[in-house]
2 protein chains.
Amino acid sequence: MLTMKAKYALRALTTLARHGGKPLPAHQLAERAQVPESFLEVILSDLRRAGYVASKRGLQGGHQLAKPPEQIGLGDLIRSIDGPLAPIRCASLTAYRACSDCPDPDACATRVLMTDVRNAISDVLDRRTLRDQVELESIRGDLAA
Amino acid sequence: MLTMKAKYALRALTTLARHGGKPLPAHQLAERAQVPESFLEVILSDLRRAGYVASKRGLQGGHQLAKPPEQIGLGDLIRSIDGPLAPIRCASLTAYRACSDCPDPDACATRVLMTDVRNAISDVLDRRTLRDQVELESIRGDLAA
DNA sequence: GGAATTTCCGACCGAACAGATCGGAATTGT
DNA sequence: ACAATTCCGATCTGTTCGGTCGGAAATTCC
């Protein structure tokens, strides 16, 4: 499941990307990305901790991308907000943990199935970057106009 | 996310499939499938409502599959317990609903992305049936023995 | 008919998580 | 000094998750 938080994070980051290198204050970002301002601050804090956003305080301050959009993988981005992509922990590569009630994970049919699912998800998300999302937005946006 | 409930449901159904056509009482099923008995009853109720399980009361009663394993699609099964497969409602085919804050779903980059994810998930789950899971279990189980 | 077995059903419950809000401290530019 | 802004932790409300429990209804066997 994609939480609101991750959805907002995605919107915030694409907005920052489109804004160029200049810092954008939180309240302006909130308006443009359509995210509740106080909640956005929590999210920006997460994104900063994860190294996606750099912030500057004081007048003329604001938030900007810490690295170029093509270096921000969507899989990792979503992981940093929502946790592992796998539907179940025992099928996660990045955060594996066996089910407490599972006698033998290697023989678990559910795990095999869910590993395929997790790989399918990762195949989509880990192959794309924020740049792809920005481009998508421009194209779609232009068509709408 | 795959909930415990869905995981248990999967285990219960494969157990029923392996048991053949005969009805299996809930407490025996609980034991074999390693599911808390009282919780299992809730799950069986869902599965019955969804048409996967037929139950008979009284002595010699129990639960059995309502249709052959190869006719039980894993996608639909999981949907019936956990809801839509899509990570976000606006990307669901079977249960579409636009985000309340989305000005134009057709121009939403997040939705495009998540639609690809939902298709990837569905490609895995909607192509398999309970039969595949049962076979997987036999193979893996045999190897372990 | 009565007893045993079993399903069936709804109410409840505690812990965790989602989706925020709020108040105030710290930092920075003018 | 002051205004703008980030930064941080506490709190809060509602929902979902993962169950449990008690009892009613059905079925079978004797």
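These figures come from a predicted structure and were not determined experimentally.

Moving on: the protein's contact with DNA strand D. Around DNA strand D, the structure places 22 residues, and the nearest of them are Ala26, Glu41, Arg48 and Ser55 of chain A together with Ser38 of chain B. Counting only the atoms of DNA strand D within 4 Å of the protein, the fraction contributed by sugar and phosphate is 77%. Here a phosphate oxygen of DNA strand D and a side-chain polar atom of Tyr8 of chain B are 3.0 Å apart. Residue assignment for the surface near DNA strand D shows that the elements contributing at least two residues are α2 (26-33), α3 (37-49), β1 (53-56) and β2 (62-65) of chain A together with α1 (4-19) and α3 (37-49) of chain B.

The next point concerns the pattern of salt bridges. Overall, the coordinates contain 24 salt bridges over all chains when judged by the stated rule. Lys7 of chain A is the partner of Asp101 of chain B in a salt bridge, and the nearest nitrogen-oxygen pair spans 3.5 Å. One end of the pair, Asp101 of chain B, is in the loop between α4 (74-82) and α5 (109-125); the other, Lys7 of chain A, is in helix α1 (residues 4-18), on a second chain. A salt bridge links Asp106 of chain B to Arg111 of chain B; the nearest nitrogen and oxygen atoms lie 3.6 Å apart. For Asp106 of chain B, a relative accessible area of 53% corresponds to the exposed category.

Our next topic: the protein's contact with DNA strand C. The local shell around DNA strand C holds 24 residues, among which Tyr8, Ser38 and Phe39 of chain A together with Ala26 and Arg48 of chain B are the closest. A share of 75% of the atoms of DNA strand C within 4 Å of the protein falls on sugar and phosphate groups. Within the backbone of Ala26 of chain B, an N or O atom sits 2.5 Å from a phosphate oxygen of DNA strand C. One of the side-chain N or O atoms of Arg48 of chain B is found 2.7 Å from a phosphate oxygen in DNA strand C. In the surface near DNA strand C, the residues fall into 9 nonpolar, 9 polar and 6 charged.

It is worth spelling out the interface of chain A and chain B at this point. Counting residues at the interface gives 32 residues for chain A, matched by 32 residues for chain B. Buried surface at the junction of chain A and chain B, summed over both partners, amounts to about 2,900 Å²; 64% is from carbon and sulfur atoms. Linking chain A with chain B are 6 salt bridges, by the criterion used here. When the shortest N-O distance is used, the salt bridge between Arg11 of chain A and Asp101 of chain B registers 2.7 Å. Our count for the chain A to chain B interface comes out at 8 residue pairs in polar contact (both at pLDDT 80 or more). Put simply, the parts of the chain that give the side of chain A that touches chain B at least two residues each are α1, α4 (74-82), α5 (109-125) and α6 (130-144) of chain A. Considering each element in turn, the side of chain A that touches chain B owes the most residues, 11 residues, to α5 of chain A. Of the residues belonging to the side of chain A that touches chain B, the class tally is 21 nonpolar, 3 polar and 8 charged.

The rules behind each value
Residues numbered from 1 in each chain as written. Chains lettered and ligands numbered in written order. Predicted model: local features only at pLDDT ≥ 70, side-chain atom pairs only at ≥ 80, totals over all residues. Heavy atoms only, no water. Near = heavy atom within 4 Å. Polar contact = N/O pair within 3.5 Å; in protein donor to acceptor, adjacent residues only side chain to side chain. Helix = DSSP H or I, 4+ residues; strand = E, 2+ residues; numbered from the N terminus. Salt bridge = Lys/Arg side-chain N within 4 Å of Asp/Glu carboxyl O. Buried < 20%, exposed > 50% of the residue type's maximum accessible area, 1.4 Å probe, protein only. Nonpolar A, V, L, I, M, F, W, Y, C, P; charged D, E, K, R; others polar. Contact = heavy atoms within 4.5 Å. Buried area = accessible area lost by both parts, 1.4 Å probe.

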